[in-house]
Amino acid sequence: MSMPDREGAPPRAWQRMLSGRRLDLLDPSPLDIEISDIAHGLARVARWNGQTHGDHAYSVAQHSLLVEEIVGHLSPGCSAGLRLAALLHDAPEYVIGDMISPFKKVLGGNYKAVEARLEAAVHIRFGLPPNPAKSIKTKIKRADQVSAYFEATILAGFSDKEAVTYFGGPRGFAPDGLDLTPLPAADVQAAYLERFAAVEADFQAEEANRKRA
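Note that the structure is a prediction, hence the values are computed from the model and not measured.

Visitor: Help me understand the packing of helix 2 (residues 60-74) against helix 7 (residues 134-154), please; the structure alone is not making it clear to me.
Guide: The relative placement of two packed helices is expressed as an angle between their axes plus a distance between the axes. Running from amino to carboxyl end, helix 2 crosses helix 7 at an angle of 120 degrees, the nearest separation of the two axes being 8 Å. Looking at the two axes, helix 2 sits oblique to helix 7. For helix 2 against helix 7, the interelement crossing comes out right-handed. Contacts between helix 2 and helix 7 involve His63, Leu66, Val67, Ile70, Val71 and Leu74 on the former and, on the latter, Lys139, Ile140, Arg142, Ala143, Asp144, Val146, Ser147 and Glu151. Considered class by class, the residues forming the contact of helix 2 with helix 7 number eight nonpolar, two polar and four charged.

Visitor: Teacher, can you tell me more about unusual backbone geometry here?
Guide: Here the phi dihedral of Trp48 falls at roughly 60 degrees; this positive angle occurs in a residue that is not glycine. Tracing the chain through its elements places Trp48 in the loop between helix 1 (35-42) and helix 2. Even without being a glycine, Arg171 presents a positive backbone phi close to 45 degrees. Mapped onto the elements, Arg171 comes out in the loop between helix 8 (160-167) and helix 9 (185-212).

Visitor: How should the side chain of Ser59 be read in this particular structure?
Guide: Here Ser59 shows up in the loop between helix 1 and helix 2. A relative accessible area of 3% places Ser59 in the buried class. Those residues in contact with Ser59 that sit more than four places away from it in its chain are Leu42, Ala43, Val45, Ala46, Arg47 and Val188.

Reading the values: rules and limits
Residues numbered from 1 in each chain as written. Predicted model: local features only at pLDDT ≥ 70, side-chain atom pairs only at ≥ 80, totals over all residues. Heavy atoms only, no water. Axes fitted to C-alpha atoms, helices over the stretch in contact; angles between N-to-C directions. Helix = DSSP H or I, 4+ residues; strand = E, 2+ residues; numbered from the N terminus. Parallel < 35°, antiparallel > 145°, perpendicular 65-115°, else oblique. Left-handed = near helix turned anticlockwise from the far one by under 90°. Contact = heavy atoms within 4.5 Å. Nonpolar A, V, L, I, M, F, W, Y, C, P; charged D, E, K, R; others polar. Buried < 20%, exposed > 50% of the residue type's maximum accessible area, 1.4 Å probe, protein only.

What follows is the structure, encoded as structure tokens:
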């Protein structure tokens, strides 16, 4: 259970990060966003409310790595910008956690508004458009759905029929080479940071070439 603020304390809508940043949830600044905080948080947020097989929780960081990998399979030779957006597609959850879809429906618009502001701030921080193009969103959503199908059937106890009903089928996409074994938080955090560094470097080179053209 999270501790409420002390009675009589001034209203607080910010969270202190381990980097020392204070991130305002109502008006998040890109300057207060650090990839170290994102990686640390996402590696410790469990997908599926922790209801997965394995010795460790299947984290949002591991899911994000999987989605970025699937994007590469579905769109060979895709831009580094697309890969970076895929890697960061669930970044707001380092602050607000991973709420399962049924609970998001209960919360409605307020949750979506907070999530959208955080996503825009994250994107600006790392040089992406605050609101990705529809084509980018579509490709990431497709990879996200493929990931959800395999996570649901391999890790979360869903039948194939249930997974197809709620997430759609993989439509010919095979999980060959995809590793869904839940890993320790520290290992996933390190893997996320390593992959982010590689993709961001490619993205910066891509942007530099675009500006020179």
